[in-house]
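What the coordinates show
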Amino acid sequence: MQDEAPAEDLARRAAAGDGAALDRLLGEIRPEVVRRCGRFLPCREDAEEAAQDVLLQVARHLPAFEGRSRFGTWLYTVVANCCRQKYRELKRRAAEQPAALRPEQAVDPRTTSVIAGSRVDLLEALERLEREHPHLVAPLVYRDVCQLDYAEAAERAGIPLGTLKSRLHEARRRVRPWLSAS
């Protein structure tokens, strides 16, 4: 969303019940939502599914958006939550139905993106962090994944700026070895 002002205005109008504004807003934010979902989910199809979930959540819950923070900040929270939920769903499905890969479906490690692998590592690390230290997840997701500035991340997490910085430092310290161990 390169020009935030129109999206902010459309979000305000859509939250007030303007259906045309909602349609236009969803069309405008879709490319950015897909891109942001791709930061979490290495497979494009999974990222696009998560993006559809995000757009559905925006359409359903925008009337409850109170405007205390920027729409973009609220949207990135929805993106993070939907992507993490999609990852859990994919993990659960894979555990329930381990599918045998045909030889032509096997992943060639020489062509697999290192970045894609690191995103899977990050999702695994976030899952572990959530189990062990749930209060550290939001600061890490808002600041390092959604790339919100410190003030926006603190506002979104509902904690003071100093607390956010402290928790972010602790989250990074705990996650770092899990990422490098992979």
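We now turn to the structure provided with this report. (Residues numbered from 1 in each chain as written. Predicted model: local features only at pLDDT ≥ 70, side-chain atom pairs only at ≥ 80, totals over all residues. Heavy atoms only, no water.)

1. Focus on the packing of helix H2 (residues 19-40) against helix H3 (residues 44-61)
Interhelical geometry of H2 versus H3 gives an angle of 145 degrees and a closest axis separation of 9 Å. Where H2 crosses over H3, the two elements pack in a sense that is right-handed. Of H3, the residues touching H2 (which contributes Leu-22, Leu-26, Ile-29, Arg-30, Val-33, Val-34, Cys-37 and Gly-38) are Arg-44, Ala-47, Glu-48, Ala-50, Ala-51, Gln-52, Val-54, Leu-55, Val-58 and Ala-59. (Axes fitted to C-alpha atoms, helices over the stretch in contact; angles between N-to-C directions. Helix = DSSP H or I, 4+ residues; strand = E, 2+ residues; numbered from the N terminus. Left-handed = near helix turned anticlockwise from the far one by under 90°. Contact = heavy atoms within 4.5 Å.)

2. Side note on the packing of H3 against helix H4 (residues 71-96)
In contact at an axis separation of 9 Å, H3 and H4 are set at 130 degrees when each is read in the N-to-C sense. Overall, the two elements H3 and H4 adopt an arrangement that is oblique. Both H3 and H4 take part in a crossing whose hand is right-handed. Here Asp-46, Glu-49, Ala-50, Asp-53, Val-54, Gln-57, Val-58 and His-61 of H3 come into contact with H4, specifically with Phe-71, Trp-74, Leu-75, Val-78, Val-79, Cys-82, Cys-83, Lys-86 and Leu-90. (Parallel < 35°, antiparallel > 145°, perpendicular 65-115°, else oblique.)

3. Section: the side chain of His-133
Topologically, His-133 is positioned in the loop between helix H5 (114-132) and helix H6 (137-145). Within the structure, the side chain of His-133 is placed 3.2 Å from the side chain of Arg-174, a separation counted as a polar contact. (Polar contact = N/O pair within 3.5 Å; in protein donor to acceptor, adjacent residues only side chain to side chain.)

4. What to know about the packing of aromatic side chains
By the definition in use, this model includes 1 aromatic pair. Residues Phe-71 and Trp-74 carry aromatic rings whose centres are separated by 5.8 Å and whose planes lie at 40 degrees to one another, so their mutual orientation is tilted. Here Trp-74 and Phe-71 lie together in helix H4, a separation of 3 residues that amounts to about one turn. The residues Phe-71 and Trp-74 share a single accessibility class, namely buried. Its guanidinium or amino end placed over the ring of Tyr-76, Arg-36 lies 3.7 Å from that ring's centre, counting from NZ or CZ. (Phe/Tyr/Trp six-rings, centres within 6.5 Å; stacked < 30°, edge-to-face > 60°. Buried < 20%, exposed > 50% of the residue type's maximum accessible area, 1.4 Å probe, protein only. Lys NZ or Arg CZ within 6 Å of the ring centre and 35° of its normal.)

5. Some thoughts on the state of the cysteines
Under the defined criterion, the tally for this structure stands at 0 disulfides. Sulfur of Cys-83: no disulfide; nearest cysteine sulfur belongs to Cys-37 and is 3.4 Å away. Take Cys-83: its relative accessible area is 0%, and that puts it in the buried class. (Disulfide = S-S within 2.5 Å.)

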